[in-house]
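As a plain string of letters, each chain reads:
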Amino acid sequence: MKIPKRLEPLVQDGLIDEVIRPLKSGKEAAVYVVHADGAVRCAKVYKEANQRGFHKQVLYSEGRKVRNSRQARAMAKGSRYGRQQQEDVWQNTEVDALYRLAAAGVRVPKPHLYVEGVLLMELVTDDEGNAAPRLNDLDLTGEQALRYHEILLKDVVRMLCSGLVHGDLSEFNILVDQDGPVIIDLPQAVDAAANNNAARMLERDVGNLAAYFGQFAPELLSTSYAKEIWYIYESGALTPEIKLTGHFKGTNKEVDIDSIMREIDDAREDAVRRRQGREEA
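*Asks:* Just checking my understanding: could you explain the packing of helix α5 (residues 142–161) against helix α6 (residues 198–213) for this structure?
*Replies:* Packed helices, taken two at a time, are described by the angle their axes make and the gap between the axes. Contact pair α5 / α6: the axes reach a minimum separation of 10 Å and the direction vectors enclose 170°. The angle between α5 and α6 places the two elements in the roughly antiparallel class. The segment α5 lies against α6, with A145, Y148, H149, L152, L153, V156 and L160 engaging L202, V206, L209, A210 and F213. Here the contact of α5 with α6 is built from residues that sort into 11 nonpolar, 1 polar and no charged.

If you want it as structure tokens, here you go:
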């Protein structure tokens, strides 16, 4: 196939041997299957900020570190230079998160290289070597739903122990290979300690998982893992080996279920819009 313009420098420099085919394209990035370093991998090409559709960036950007005060001032002013710097921070967040989470044992695509807005990483495949399906494309048994939910909750805990909350976790950004779920799409990952929205985002992420898997295993719909996880995290006792109960008794404060469900619905609508954008591209 014709080499996309953004991949030409990597081909010329020998970082990519061959561009095999496009894998998917959305408002935030286009992904290609490539051959590099003797293996089949994928190349995620980030689109310019004005081409993307993720409209709640400000909630996710709080607490992110910048290189210097000039960069911070430019980002605050919204100048052209500032928007470019903000875009660099946005892209580097996913790269840094992938390296950090892979080291922590979270199932994410293994990153290999990031250069000039292109991320080379592992291509997650099924047992026949094809690109792995997304979770929402599968029909699960109740047993599978419970097993995948347990695996993903453990990864959510590992992420939080590493200081991160995914911030946009749903069935649309989880792949499933022969060993189970793999979490993808992390440019919006937030610093759990520095972002005031982190607890709410964790609750939405975990709520999305319960709502999706609850279609196949209804008992998950009455669990309260997010509040339990955050309570233990704030107490300083959260570890990757923690045994969760799914029942939270840390406070007598009434839970605003309607508010939580609105957050879940908003996140699901965002994910559906992004999925439709990829399919229309």
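*Asks:* Would you explain α5 in this entry?
*Replies:* An α-helix turns once per 3.6 residues; consequently, residues spaced three or four apart project the same way. Between its terminal C-alpha atoms α5 stretches 29 Å, which fits the 28 Å expected from 20 residues at 1.5 Å a residue. Every buried residue of α5 is accounted for by A145, Y148, H149, L152, L153, D155, V156, V157, M159 and L160. Within two residues after α5, G163 carries a phi angle of roughly 95°, on the positive side.

*Asks:* I tried to follow the pattern of salt bridges on my own but got confused; where do I start?
*Replies:* A pair can form between side chains of opposite charge whenever their charged atoms are brought close. By the definition in use, this model includes 7 salt bridges. Two residues, R41 and D37, come together in a salt bridge whose shortest N-O distance is 3.8 Å. R41 gets classed as buried once you look at its relative accessible area, which sits at 13%. For R158, the salt bridge is made with D155, and the minimal N-O distance between the two is 2.8 Å. You can see R158 and its partner D155 sitting in helix α5, 3 residues apart, about one turn around the helix. One continuous salt-bridge network, built from bridges that share partners, spans K44, E94 and D185.

*Asks:* Would you mind going over the environment of H112 with me for this structure?
*Replies:* As for its placement among the helices and strands, H112 is situated in strand β4 (residues 111–115). Classification of H112 by relative accessible area gives partly exposed; the value is 29%. In this structure, the C-alpha to C-alpha distance between H112 and A43, residues 69 residues apart in sequence, is 9.9 Å. Leaving out residues up to four positions away in the same chain, H112 has contacts with R41, Y99, L120, M121 and E122. In terms of polar contacts, H112 uses its side chain to reach the side chain of R41, at 3.4 Å.

*Asks:* Before we go on, may I ask you to explain the packing of aromatic side chains in this structure?
*Replies:* The geometry of an aromatic ring pair is captured by the separation of the ring centres together with the interplanar angle, meaning the angle of the planes. Applying the stated criterion across every chain, the model contains 5 aromatic pairs. Between Y212 and F213, the aromatic rings sit 5.5 Å apart at their centres with planes inclined by 75°, giving edge-to-face as the arrangement. Take Y212: its relative accessible area is 6%, and that puts it in the buried class. Residue F213 is classed as buried on the basis of its relative accessible area, which comes to 0%. Considering the side-chain rings of W230 and Y233, the 4.8 Å spacing of their centres and the 45° angle between planes classify their relative orientation as tilted. Note that W230 and Y233 are positioned in helix α7 (residues 225–235) at a spacing of 3 residues, about one turn of the helix. Of the residues examined, Y233 reaches a relative accessible area of 23% and is grouped as partly exposed. By the ring-pair criterion, three or more aromatic residues cluster together here, those being Y212, F213 and F216.

*Asks:* When you look at the sheet that holds strand β5 (residues 118–122) in this model, what are you seeing that I'm missing?
*Replies:* As a general point, the strands of a sheet are linked pairwise by backbone hydrogen bonds and lie either parallel or antiparallel. An order of β1-β2-β3-β5-β4 is seen for the 5 strands of this open sheet, with the pairing classed as antiparallel. With one partner strand each, in any of the chains shown, β1 (18–25) and β4 form the two edges of the open sheet. Between one strand axis and the next, the sheet turns through 25° on average, direction left out of account. Sheet topology places strand β3 (residues 39–46) next to β5; 5 bridges connect them, and they run antiparallel. Residue A43 lies in a different strand from β5, and its bridge partner there is L120.

What counts, and at which threshold
Residues numbered from 1 in each chain as written. Predicted model: local features only at pLDDT ≥ 70, side-chain atom pairs only at ≥ 80, totals over all residues. Heavy atoms only, no water. Axes fitted to C-alpha atoms, helices over the stretch in contact; angles between N-to-C directions. Helix = DSSP H or I, 4+ residues; strand = E, 2+ residues; numbered from the N terminus. Parallel < 35°, antiparallel > 145°, perpendicular 65-115°, else oblique. Contact = heavy atoms within 4.5 Å. Nonpolar A, V, L, I, M, F, W, Y, C, P; charged D, E, K, R; others polar. Expected span 1.5 Å × (residues − 1). Buried < 20%, exposed > 50% of the residue type's maximum accessible area, 1.4 Å probe, protein only. Salt bridge = Lys/Arg side-chain N within 4 Å of Asp/Glu carboxyl O. Polar contact = N/O pair within 3.5 Å; in protein donor to acceptor, adjacent residues only side chain to side chain. Phe/Tyr/Trp six-rings, centres within 6.5 Å; stacked < 30°, edge-to-face > 60°. Pairing = 2+ DSSP bridges.

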